[in-house]
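Structure assessment
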Amino acid sequence: MTLKTLLQGLRPPVTEPVPALDDPELAALAAKLDRTAQRRLGRSLSIREVDAGSCNGCELEIHALNNAFYDLERFGLRFVASPRHADVLMVTGPVTKHMRQALERTWRATPDPKWVVAVGDCAAGTGVFAGSPACIGAVAEVVPVDLVIRGCPPTPTQLLQGLLALLQS
Amino acid sequence: MSAVDTAQWQQMAQRMASGDCTLFGLWGEPGRVHMAVLDHDAPAIAVHSLDCPDNSFPSVSAVHAPAIRLERAMRDLFGLDPVGLPDTRPWLDHGPNPTAYPFLPVEGESLHQIAVGPVHAGIIEPGHFRFTADGETVVRLEQRLGYVHKGIEHLMHGATLDQAARLAGRTSGDSTVAYALAFARAVEAALGIEAPPRAAWLRGVMAELERIANHLGDFGAICNDASFSIMLAHCGILRERVLRCAAACFGHRLMMDRIVPGGVAVGLPADGAARIRSLIDEIRVRFTPLVELYDATASLQDRTVGTGILHPDLARRFGAGGHVGRASGRNFDARRSIGYPPYDQLRFEVPVREEGDVNARVWIRIKEIEQSLALIEQMLNRMPEGEVRIAIEPTGPCEGMALAEAFRGDVLVWLRIDAAGRIDRCHLRDASWFQWPLLEAAIEGNIVADFPLCNKSFNCSYSGHDL
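Here is what the cut-offs are and how they apply
Residues numbered from 1 in each chain as written. Chains lettered and ligands numbered in written order. Predicted model: local features only at pLDDT ≥ 70, side-chain atom pairs only at ≥ 80, totals over all residues. Helix = DSSP H or I, 4+ residues; strand = E, 2+ residues; numbered from the N terminus. Buried ≥ 20, exposed ≤ 12 C-beta atoms within 10 Å, placed from the backbone. Contact = placed C-beta atoms within 7 Å. Pairing = 2+ DSSP bridges. Axes fitted to C-alpha atoms, helices over the stretch in contact; angles between N-to-C directions. pLDDT = per-residue confidence, 0-100. Core = buried A, V, L, I, M, F, W, Y, C linked by C-beta atoms within 7 Å. Right-handed = clockwise from strand over helix to strand, strands pointing away. Parallel < 35°, antiparallel > 145°, perpendicular 65-115°, else oblique. Left-handed = near helix turned anticlockwise from the far one by under 90°. Nonpolar A, V, L, I, M, F, W, Y, C, P; charged D, E, K, R; others polar.

On to the overall build of chain B. The helix and strand tally for chain B stands at 16 helices and 14 strands. Over its C-alpha atoms, taken along the principal directions, chain B stretches across nearly 65 × 60 × 45 Å. Residues counted as buried form 53% of the 467 residues belonging to chain B. Expressed as a percentage of contacts within chain B between residues at least 6 apart in sequence, the contacts between residues at least 24 apart total 66%.

Next comes the structure, spelled out in structure tokens:
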């Protein structure tokens, strides 16, 4: 009985169709990416998430990528537990002074080729924390950034569009 | 709010130590320190302020341990000197080298240490956990926090009300509604105004939607940490439905910046009430079998029952709020114990359990989801008509304080508005300040592998704590 009711919750399937890359910035980024590296990786990217000072709002929406609506793994994208297994670092927050060293070490621990995605308005440019002596600022001031996904926080659809741009040549 | 002298300050500390009242907040500014106290006889929060021109004051934690981290933070942020503070290591200030920190010494045969963080394996916030284990058993956990310290109190100084409200809403993103609510109510208290009735009720709807979304996420995540991933999958769907409903009704999935001083920034659209009602119906239908599944799965119960027990006496001494306190017998919920609109006109129960284990914290969340669904229904049925926002002309100097019950416990906001109508000082105290230290106690004697379960069942905020 319980199982039957549970399964009914999944009907009709809730998974969203693939979002279109309607943002010209994302399309340009996709075109710019190193095609050799893309061929090597195929359609499979492992992502390591690094909270470098976020309010945790971005983390909630990044988490949502794993739910049945967005189902990140259908695209060959998955979150991994170690930077050593990662191709992509997704970094959130207005990099705090206290997280700078940890972010740099995580970046160094990630093997090449690698990409850094700055997620959220804070990671893009310090957001509401601009001017704080406790924050360094945008992620790009600490490690090289390949893609910026803005929003406070960006929606899972916006996150998905950004990540798919990384996969498309 | 009252000014006290040194003798009265110390007397209050003694009363906390003897359990006559509960420490509810402790913060400072250059030349002055403040404490918020919950009186047990007449449930109300009093703020006592002590002038200390030389920046030194008698330490509260010298007699009352729950104040230790708060006083260490006051030293770091404002150079205040709590005389008699038992632990003078920095807390929120990591200095130039974050890895240089004197952890407490541990001695004993066959002990080993496990260092975890600040970057964790999952998608969670950064913090460092230093475990000392004897085989599989944790004999001590020492936390080191402060990695996401963003200087919020510094930024508050001189901020306009608009800027400050946005900052308050980003103190801990998962509780953005509760923070915005507490901040708005503190401003309104300072200025002696009230938000229109309809605004108060809409605030209540948002606060309960936020509570449901977070509790659903936690319920799924706790079960997932016991490798029962089907629960995470189903709860993830329900949580997503709540966020989509919030976006449709209030224009933002997490409802950030929707509650503002003077009311709410957006009204409910024409189809809003119907959308929320249909969400409630769906959650009721889908959630009940999930709870049955939780209760009927022996392998899952085996992990949660009896794990990570927080003793009621500790919960009481530390004034633990939210599911952490209520799963360990502390019957406090700011919505009822202190009361604020619209909850003073609504009927609801505050679930309390005594066992203090992971299972009890899960059940508090289950029961609170049911209560929140019923609360939203009451609010939709009796929603008053009228305007949802009044214009504010801030004039000072004046001070205000307010509480809001976030999903993880009470948020306290105290602030002072200056003569120009800007924020002079604002302190935001997350429930996590009094919950984090208790996690260190709850994990003792448990196996290392049960730490994720215990940690998730507490679900303390890093950002809300690190400020």
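Interfaces are often sized by the accessible area lost when the parts come together. Listed as interface residues are 39 residues of chain B and, on the opposing side, 41 residues of chain A. The set of elements that each furnish at least two residues to the side of chain B that touches chain A consists of α3 (152-156), α4 (161-168), α7 (229-250) and α8 (272-296) of chain B.

What follows is about the sheet that holds strand β9 (residues 137-144) of chain B. Residues and elements named next belong to chain B. With antiparallel pairing, the three strands of this open sheet are ordered in space as β7-β8-β9. Each of the sheet's edge strands pairs with one partner strand only, and the pair in question is β7 (111-116) and β9. Direction aside, the axes of adjacent strands within the sheet are offset by 20° on average. The pairing of β7 with strand β8 (residues 128-134) spans six bridges and is classified as antiparallel. Looking across to β8, one finds that Leu111 is bridged to Asp134.

Quick look at the confidence of the model for chain A now. Mean pLDDT over chain A: 87, with 83% of residues reaching 70 or higher. Per-residue pLDDT, averaged within each element of chain A, yields its smallest value for helix α3 (residues 35-41) of chain A (60) and its largest for helix α4 (residues 57-64) of chain A (97).

Val91 of chain A together with Ala182, Val411 and Val413 of chain B are the most contacted members of the largest nonpolar core, which has 191 residues in total. The element contributing the most residues to this core is helix α6 (residues 197-225) of chain B, with 15 residues. The contacts of Ala182 of chain B, once residues within four sequence positions are left out, are Ala402, Leu403, Ala404, Val411, Leu412 and Val413 of chain B.

It is worth spelling out the pairing of strand β1 (residues 45-51) of chain A at this point. Looking along a regular strand, one sees the side chains alternate between the two faces of the sheet. Residues and elements named next belong to chain A. The element β1 is largely enclosed, with a buried count of six among its seven residues. Inspection of the sheet shows β1 paired to strand β2 (residues 77-79) by three bridges, in the parallel sense. Each residue of the ladder has a partner; that of Ile47, found in β2, is Phe79. Each parallel crossover has a hand, and the one from β1 via α4 to β2 is right-handed. Two strands pair when backbone bridges link them, and β1 and strand β3 (residues 88-92) are joined in this way by five bridges, in the parallel orientation. For Arg48, the partnering residue across the bridge sits in β3 and is Leu89.

All names here are of chain B. Viewed as axis vectors pointing N to C, helix α14 (residues 432-443) and helix α15 (residues 451-458) meet at an angle of 150°, and their least axial separation amounts to 10 Å. In terms of orientation, α14 lies roughly antiparallel with respect to α15. Along this stretch, α14 crosses α15, giving a crossing that reads as right-handed. Contacts between α14 and α15 involve Gln435, Leu439, Ala442 and Ile443 from the former and Phe451, Cys454, Asn455 and Phe458 from the latter. Tallied by class, the residues present in the contact of α14 with α15 amount to six nonpolar, two polar and no charged.

Here the focus is the environment of Ala247 of chain B. All names here are of chain B. Positionally, Ala247 belongs in helix α7. Note on Ala247: 14 C-beta atoms within 10 Å, which makes it partly exposed. When the C-alpha atoms of Ala247 and Val260 are compared, they prove to be 17 Å apart, with 13 residues separating the residues in sequence. Excluding residues within four positions of it along the chain, Ala247 makes contact with His252 and Arg253.

All right, on to the sheet that holds strand β14 (residues 423-429) of chain B then. All names here are of chain B. Strand order in this open sheet of three strands is β12-β13-β14, and the pairing throughout is antiparallel. The strands lining the two open edges of the sheet, one partner per strand, are β12 (398-406) and β14. Mean inter-strand twist for the sheet, computed between neighbouring axes without regard to direction, equals 15°. Where β12 lies against strand β13 (residues 409-417), nine bridges are found, and the strand directions are antiparallel.

Right, let's get into the pairing of strand β2 (residues 21-29) of chain B. All names here are of chain B. The element β2 is largely enclosed, with a buried count of seven among its nine residues. Pairing analysis gives eight bridges linking β2 to strand β3 (residues 32-39), with the strands arranged antiparallel. Along β3, the bridge assignment pairs Gly28 with Val33. What sits between β2 and β3 in their antiparallel hairpin is a turn of two residues, with Gly31 showing a positive phi close to 85°.

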